[in-house]
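The residues making up each chain are set out below.
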Amino acid sequence: MLYANADLRVLGYLGRALSLELSAVQLYSTQARLVATWGLTGVSKRFSNEASEEMAHADRIIGRMLALGVAPNASQLRPPRLGHSLQELLQHNHAFESELIRLYAEATQHCARSGDHDNRLFFEELLAEEQDHAAELVKWLKELEQPGATVNKNRATF
């Protein structure tokens, strides 16, 4: 049952967010398996942890949708983007996280303009978490670009 005062744009943002977060779960889970085949066990664990974090985001979005009286529906999952190197995977991941950041920033701005304090706070929290994750990816990419950088098979750092 849809609550009479539910903002349809907020519901749209939530639906897109759910689709993207579940796509991120699929992306990181797939990449974790891929890098494990490369022998990068530490990186695999890190990607698995990212998949768990994204699943927690999806779970929070589902809870928000239910609280607003709508059934969660991820309309479309994106196929995971793979690559031939860790650097290529991280570049794909950064592009994906940037898309989530844009969505959450837009949703936050909409809620602020419409005076929807609760949903603004909800989207702001997700935005901050995704911004932190994107910053970590940038740091990781910069570490890989340094001369002589090598990947330790049992650690996620370099």
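This structure is a prediction, so every number in the text was calculated from the model and none was measured.

Criteria and cut-off values
- Throughout this document, residue positions are counted from 1 along each chain, in the order its sequence is written.
- Totals for whole chains, interfaces and linings use every residue, but because this is a predicted model, local features are given only for residues with pLDDT of at least 70 and side-chain atom pairs only at 80 or more, for both listing and counting.
- Here the side-chain values reflect all heavy atoms present in the structure, with hydrogen atoms and water set aside.
- By convention in these notes, a salt bridge is any Lys or Arg side-chain nitrogen within 4 Å of a carboxyl oxygen on Asp or Glu.
- In DSSP terms, a helix is any run of H or I states spanning at least four residues, a strand is any run of E spanning at least two, and both are numbered starting from the N terminus.
- Between buried and exposed lies partly exposed: a residue is buried under 20% and exposed over 50% of the maximum accessible area for its type, with that area taken using a 1.4 Å probe on protein chains only.
- Both cavities and pockets are sets of points on a 1 Å grid over the protein atoms alone; in a cavity a 1.4 Å probe fits but cannot get out, in a pocket the set is open with protein on both sides within 12 Å along at least five of seven lines, and lining residues sit with an atom within 4 Å of a point.
- Grid points are joined across faces, edges and corners, and a volume is the space filled by probe spheres set on the points.
- Residue type decides the class: Asp, Glu, Lys and Arg count as charged, Ala, Val, Leu, Ile, Met, Phe, Trp, Tyr, Cys and Pro as nonpolar, and the leftover types, Gly among them, as polar.
- Residue contacts are counted whenever heavy atoms from the two residues lie within 4.5 Å of one another.

(A) How the structure looks around the pattern of salt bridges. As enumerated under the stated definition, the model contains four salt bridges in all. E125 is paired through a salt bridge with R60; the nearest N and O atoms lie 3.6 Å apart. Of this pair, E125 sits in helix α4 (residues 117-145) while R60 sits in helix α2 (residues 41-67); the two residues are 65 residues apart in sequence, bridging distant segments of the chain. Take E125: its relative accessible area is 46%, and that puts it in the partly exposed class.

(B) Layout of the layout of surface pockets. Considering only enclosed or pocket space, the largest pocket measures out at about 170 Å³ in volume. As for the largest pocket, its lining consists of S23, L27, R78, P79, P80, R81, H92, A95, F96 and E99. Secondary-structure elements contributing two or more residues to the lining of the largest pocket are α1 (8-37) and α3 (86-114). Here the lining of the largest pocket takes four residues from α3, the largest share from any one element. Here the residues of the lining of the largest pocket are counted per class, giving five nonpolar, two polar and three charged.

(C) Fine view of empty space enclosed by the protein. If you walk through the whole model with that rule in mind, you get one cavity of 30 Å³ or more. In this structure, the largest cavity occupies an estimated 40 Å³ of space. Of all the elements in the fold, those that place two or more residues in the lining of the largest cavity are α2 and α4. Ranked by the residues each element gives to the lining of the largest cavity, the list is headed by α4, at four residues.

(D) Summary view of the side chain of H92. The topology assignment puts H92 in helix α3. The contact partners of H92, leaving out residues within four places of it in the chain, are R81 and L82.

All quantities given are derived from atomic positions and should not be read as evidence of function.
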